[in-house]
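Remarks on the overall topology
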Amino acid sequence: MAAAKEQFPRRRLTAVAAILIAGLLTVLLTRPAETAVSFTPLSGLMTLKATAAEAVPYEVAIANPKPTLIEFYADWCTTCQAMSPTVAALHQQYAERLNFVMLDVDRPQWASQVSDYGASGVPQFTLLDSEQQVVKTWVGKVPKAVFKTVFDQILG
């Protein structure tokens, strides 16, 4: 009987610890992408969708005199999702001087641009100068500092 009485507080302590751990995990996994310390597929997809919604339409970017960064992406692409916070931060910093365009390679309406710019992998980032000539193309994960160096050079 004494052994049974000893196990009851242990079980209660274990249950309380499990509830606390579950609560902590819930808070860490469901907080907004802006405050997340690490990348999760869901936060990356949410940021990718939000950035695409804020992007300059392709036709508008090509018609104005600002340099343009075109991102060829796909929602299912985990590298695209992982790059989305970087692209969002760059968009905030350079939006006044640089067009940010996002083209989903899975949408047939962009087939011509995918072909014209040779987008054979995603993400592909194609930087155009103010005359809409290709300056640089990157495929895959690109460090923010690399983008900033080239942007600063092209923007003077």
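The structure presented is a predicted model; accordingly, all values stated were derived computationally and were not measured.

Take the side chain of histidine 91 next. Along the chain, histidine 91 turns up in helix H4 (residues 78-94). Setting aside anything within four residues of it in sequence, one finds histidine 91 in contact with Glu54 and Phe100.

Attention shifts here to the pairing of strand S3 (residues 124-128). S3 sits mainly inside the fold: 5 of its 5 residues count as buried. With burial as the criterion, each face of S3 is covered, one bearing Gln124, Thr126 and Leu128 and the other bearing Phe125 and Leu127. Bridge analysis of strand S1 (residues 68-73) against S3 gives 5 bridges, and the strand direction is antiparallel. Following the sheet pairing, phenylalanine 72 is matched in S3 by glutamine 124. The sheet contact formed by S3 and strand S4 (residues 134-139) spans 5 bridges and is antiparallel. Bridging from a neighbouring strand, leucine 127 pairs with lysine 136 of S4. With antiparallel pairing between neighbouring strands as the criterion, S3 and S4 make up a hairpin whose turn holds 5 residues, including glutamine 132 at a positive phi of roughly 65°.

Looking now at helix H6 (residues 144-155). The end-to-end C-alpha distance of H6 is 16 Å, a good match for the 16 Å that 12 residues give at a rise of 1.5 Å each. Within the span of H6, buried status applies to Phe147, Val150 and Phe151. Down the axis of H6, the smallest arc covering the buried residues is 105°, so these residues share one side. Residues Ala145 and Gln153 are exposed on H6 and point more than 90 degrees away from its buried face.

Scoring rules and cut-offs
- Residues numbered from 1 in each chain as written.
- Predicted model: local features only at pLDDT ≥ 70, side-chain atom pairs only at ≥ 80, totals over all residues.
- Heavy atoms only, no water.
- Helix = DSSP H or I, 4+ residues; strand = E, 2+ residues; numbered from the N terminus.
- Contact = heavy atoms within 4.5 Å.
- Buried < 20%, exposed > 50% of the residue type's maximum accessible area, 1.4 Å probe, protein only.
- Pairing = 2+ DSSP bridges.
- Expected span 1.5 Å × (residues − 1).
- Arc of directions from axis to C-beta.

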